[in-house]
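Here is how the chains run, residue by residue.
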Amino acid sequence: FAPVSGVFIGIACGLLWAMWIRPALLDADASKRSRAIYRRIPYALDLSVLVLETGGTLREGLEEISKQDDPLAEELRITLLEIDSGSTQSTALKNMGQRVGLESLETILMAINRGEETGAPMVNTLITQAEMFRERRLQEIEKMAVEAPTKMTFPNMMIMIAVLLLIVGPLLIQLVSSGLF
């Protein structure tokens, strides 16, 4: 009987891991990776602008970014490998946007592709995209700052109740034990 129940416990733990715990961990890892990519975008755009302003190409800018050690650099390395294996730059950038799944990154990559198609100066395109990205990010931060007091109301109330109980609790115990209450 004991070995059979151990097998059932093992199966139950395995199912719990496979169905609930592991997907939650994967989702948390994916969110963490997306946030890291999102934070690196303005710096990557600035580095690309610097490379272009010194006479380099967009490819050289992407290669320079890919030398870093972060998720955005990993995605750019994959994109550069895709270009090297015969895919067009616009297709590789579009695939990168779909892989990462960040709307702001897809917008930037689409603007880069349009700039390449129309022959617009890439420096101007990247500077404009960097400014727009920073403005969007600032708006998100301002929105979070406005929402913060509302989200802090309940935790603040719980802290106030706990402090009140710490202060008034001993007094109430004294009153009850002395028979005044």
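Structure shown above.
Note that residues are indexed from 1 along each chain, following the sequence as it is written. Where totals are concerned, whole chains, interfaces and linings use all residues; where local detail is concerned, this predicted model gives features only for residues with pLDDT of at least 70, and gives and counts side-chain atom pairs only at 80 or more. Excluded from the side-chain calculations are hydrogens and water; all other atoms, namely the structure's heavy atoms, are used.

1. Some remarks on the pattern of salt bridges
Salt bridges are counted wherever a side-chain nitrogen of Lys or Arg sits within 4 Å of a carboxyl oxygen of Asp or Glu. The full count for this structure, using the stated rule, is 10 salt bridges. Note that D46 and R134 form a salt bridge whose closest N and O atoms lie 2.4 Å from each other. Taken together, the residues span a long stretch of sequence, with D46 in helix α1 (residues 2-53) and R134 in helix α6 (residues 122-178) at a distance of 88 residues. The rule is simple: take the accessible area with a 1.4 Å probe, protein chains only, and divide by the maximum for that residue type; under 20% is buried, over 50% is exposed, in between is partly exposed. Owing to a relative accessible area of 30%, D46 belongs among the partly exposed residues under this scheme. By relative accessible area, which is 37% here, R134 ends up partly exposed. Residue E147 pairs with K151 through a salt bridge whose shortest N-O separation is 3.7 Å. Here the residue E147 and the residue K151 both occupy positions in helix α6, the gap between them amounting to four residues, near one helical turn. By relative accessible area, E147 is classed as partly exposed at 29%. By relative accessible area, K151 is classed as exposed at 60%. Look at the salt bridges and you will find they share partners, linking R33, E74, E75, E82 and R99 into a network. Here a strand is any run of E in DSSP of at least two residues, a helix any run of H or I of at least four, and the numbering for each starts at the N terminus.

2. Describing helix α2 (residues 58-65)
For α2, the complete set of buried residues consists of L58, G61, L62 and I65. The buried side chains of α2 occupy one side of the element, clustering within an arc of 95 degrees when seen end-on. By construction, the arc corresponds to the directions joining the helix axis to the C-beta atoms.

3. Some remarks on a nonpolar patch on the surface
Without a salt bridge and with relative accessible area above 30%, a residue can belong to a patch; like charges are then joined within 9 Å and nonpolar side chains (Val, Leu, Ile, Met, Phe, Trp, Tyr) within 5 Å. Here, Shrake-Rupley sampling with a 1.4 Å probe gives the accessible areas, and only protein chains in the shown set may cover a residue. Taken together, the side chains of I159, V163, L164, L166, I167, V168, L171, L172, L175 and L180 make up a nonpolar region of the molecular surface, amounting to roughly 970 Å² of accessible area. Topologically, L172 is positioned in helix α6.

Keep in mind that these numbers describe shape and distance, not what the molecule does.
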